Amino acid sequence: MIKAEIRRTRLDMASYLQEKMRTGYERYLDEQKLEWEGGLLKTYLVEADVITKPSDSHNQIFSFLQKQTGALNYTVEQLDEENFFALIARSKISKQAKSDIFYIDASDYRFWITYSIGHSSRTDRFIEKFVSHTPKLDNAWFPMQFLAKQADTKGIFTGLGGRFNNSPFTKEEDEQLRISLKLWGNLAKDVFDAFQKSDMLKRAFSLSNVRLKRYLQHPDESVTDDINYSGKITSMGQSFDSHLDLVNSIYREEYRNTLVGIIEKELAIGFDTDSSGGFLKGEPIFVSFQKTIPNVEKFVKDLFSGTSPFRLWGLQEMVKKDFARIYAVDMHLGRPLTFEVFPDTIRIFLHSGTCGNSIIRFFTLFQHHYDSSAELSGGKHDHLF
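This is a predicted model, so every value here is computed, not measured. (Residues numbered from 1 in each chain as written. Predicted model: local features only at pLDDT ≥ 70, side-chain atom pairs only at ≥ 80, totals over all residues. Heavy atoms only, no water.)

Participant: Any details on a nonpolar patch on the surface? Residues and values, ideally.
Facilitator: A contiguous nonpolar surface patch, about 430 Å² in accessible area, is contributed by Trp313, Leu315, Tyr327 and Met331. Position of tryptophan 313 relative to the elements: it lies in strand E15 (residues 312-320). (Patch = residues over 30% accessible without salt bridge, like charges linked within 9 Å, V, L, I, M, F, W, Y side chains within 5 Å. Areas by Shrake-Rupley, 256 points an atom, 1.4 Å probe, with all protein chains shown as cover. Salt bridge = Lys/Arg side-chain N within 4 Å of Asp/Glu carboxyl O. Helix = DSSP H or I, 4+ residues; strand = E, 2+ residues; numbered from the N terminus.)

Right, dumping it as structure tokens:
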């Protein structure tokens, strides 16, 4: 029965998902609720470092997915087009176990787009396990500046979510700060602008999601997309094409350009072997922030402990009281990075061959847990986002 429900081509999948989006939108108008069983379209953006031979990407991806099936309780099918797959995931959350279908469009084999209409309580949990327990996969991570830019340029800004939690850096309850906020409506931009004018909230309120209403060609085919900082986009409306246009624009164009074109090609540290004799190339990457680190030694112990949310582990060297150098490993992908920590700046050296997504993930999480006003720069780029 499950096999009969699977759409075998991208066109058939798009038609099916569009019908689900319309049904979900009609129900939202009636109930004003965004989550229900079999309702909204969830699009998960997954960055993958799987391919070693581009000409054989389909077989490599299929083999890669097959290796993870036992541990994560899913089956995988090759569909009728190149780099197009379906995962059938068995849920253990409810007493009445259900299977959810996830379509993976890996036409850009580095930047996968994964679709599902299952309930969020199941699909979010599966994607979290799928990414965190599968080597060479990561979420897309959207820093605050990136989300704010989408709200300014990609449609009508109709909602926002914000969060902040400094508990990774303080164990004292009276010093912990936790903020969680969601706001829907046309005053979203005014509220966000007001927060940015407050010195305290500017450092302790990081955008976690923005909601945009937009259309590709005609207003009657509008779509509402809720873009989350960890690469999930929840969508409802009249047009899957409008949704896909947004996804491709922000992920396979803007995000790709920053990650691959700038961070990995321009800024990563390595040797240029194309030149006679070779020479060192690359630039350090800077995270600058307003909230001064009062105790650098304690800060780096907390940050590089290997635990969530940062999942960084490193050998720490206190060069001076207010300057530490850390030879770190990204526990998520197992790749090396070098950090230099000062009271108001963190300097990062991305080794050539290390995935640049490690930088974006670190920066986004730093905004959510230490200083939401932090900025990322490197080389000639004053603002990477």
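Now, onward.
Participant: Describe in detail the layout of surface pockets, supporting the description with residues and values.
Facilitator: Each pocket or cavity is described by its volume, and for the largest pocket that value is around 1000 Å³. What lines the largest pocket is a set of 40 residues, and nearest its centre among them are Trp141, Arg163, Asn228, Tyr229 and Ser230. The biggest single contributor to the lining of the largest pocket is helix H5 (residues 120-132), with six residues. Its residues assigned to classes, the lining of the largest pocket shows 13 nonpolar, 15 polar and twelve charged. (1 Å grid on protein atoms, 1.4 Å probe; cavity = no way out; pocket = protein on both sides within 12 Å on 5 of 7 lines; lining within 4 Å. Points joined across faces, edges and corners; volume = space filled by probe spheres on them. Nonpolar A, V, L, I, M, F, W, Y, C, P; charged D, E, K, R; others polar.)

Participant: Please set out the packing of aromatic side chains residue by residue, giving values where relevant.
Facilitator: Tallying each qualifying case throughout the model produces 29 aromatic pairs. Taking the centre distance of 5.6 Å and the plane angle of 80 degrees together, the rings of phenylalanine 142 and tyrosine 255 count as edge-to-face. Here phenylalanine 142, found in the loop between strand E6 (137-139) and helix H6 (144-153), pairs with tyrosine 255, found in helix H9 (residues 240-267); they are 113 residues apart in sequence, far enough to count as distant. Both residues of the pair, phenylalanine 142 and tyrosine 255, count as buried. (Phe/Tyr/Trp six-rings, centres within 6.5 Å; stacked < 30°, edge-to-face > 60°. Buried < 20%, exposed > 50% of the residue type's maximum accessible area, 1.4 Å probe, protein only.)

Participant: I'd like a description of the sheet that holds strand E16 (residues 323-330), backed by residues and values.
Facilitator: Strand order in the open sheet formed by six strands is E15-E16-E17-E18-E14-E19, and the pairing between neighbours is antiparallel. Each of the sheet's edge strands pairs with one partner strand only, and the pair in question is E15 and strand E19 (375-378). Each neighbouring strand pair of the sheet contributes to a mean axis angle of 20 degrees, computed without reference to strand direction. Here strand E14 (residues 285-288) pairs with strand E18 (residues 345-350) via four bridges, running antiparallel. In the strand pairing of E18, phenylalanine 286 is matched with arginine 347. (Pairing = 2+ DSSP bridges. Axes fitted to C-alpha atoms, helices over the stretch in contact; angles between N-to-C directions.)

Participant: Let's hear about the pairing of E14: which residues, and what values?
Facilitator: A one-sided burial pattern is seen for E14, the buried positions being Ile285 and Val287 and the unburied ones Phe286 and Ser288. Relative to E19, E14 runs antiparallel, the two sharing four bridges. If you follow valine 287 over to E19, its bridge partner there is leucine 376.

Participant: So, the side chain of glutamine 60: which residues are in play, and what are the values?
Facilitator: Structurally, the position occupied by glutamine 60 is in helix H3 (residues 57-67). Discounting residues that sit within four places of it in the chain, glutamine 60 has contacts with Val50, Ile51, Thr52, Lys53 and Pro54. (Contact = heavy atoms within 4.5 Å.)

Participant: Talk me through the pattern of salt bridges; I want residue IDs and the actual numbers.
Facilitator: Side-chain pairs of opposite charge can arise whenever the charged atoms involved come near each other. Applying the stated criterion across every chain, the model contains 23 salt bridges. Aspartate 105 is paired through a salt bridge with arginine 252; the nearest N and O atoms lie 4.0 Å apart. Taken together, the positions of aspartate 105 in strand E4 (residues 99-105) and arginine 252 in helix H9 put the pair 147 residues apart, joining distant regions of the chain. The class for aspartate 105 is buried, based on a relative accessible area of 8%. Look at arginine 252 and you get buried, because its relative accessible area is 15%.

Participant: Please set out the packing of H9 against helix H11 (residues 357-369) residue by residue, giving values where relevant.
Facilitator: Two elements in contact, H9 and H11, have axes whose closest approach is 10 Å; the angle formed by their N-to-C orientations is 120 degrees. In terms of orientation, H9 lies oblique with respect to H11. Contacts from Tyr255, Leu259 and Ile263 in H9 reach Asn357, Ile359 and Ile360 in H11. Classifying every residue of the contact of H9 with H11 by side-chain character gives five nonpolar, one polar and no charged. (Parallel < 35°, antiparallel > 145°, perpendicular 65-115°, else oblique.)

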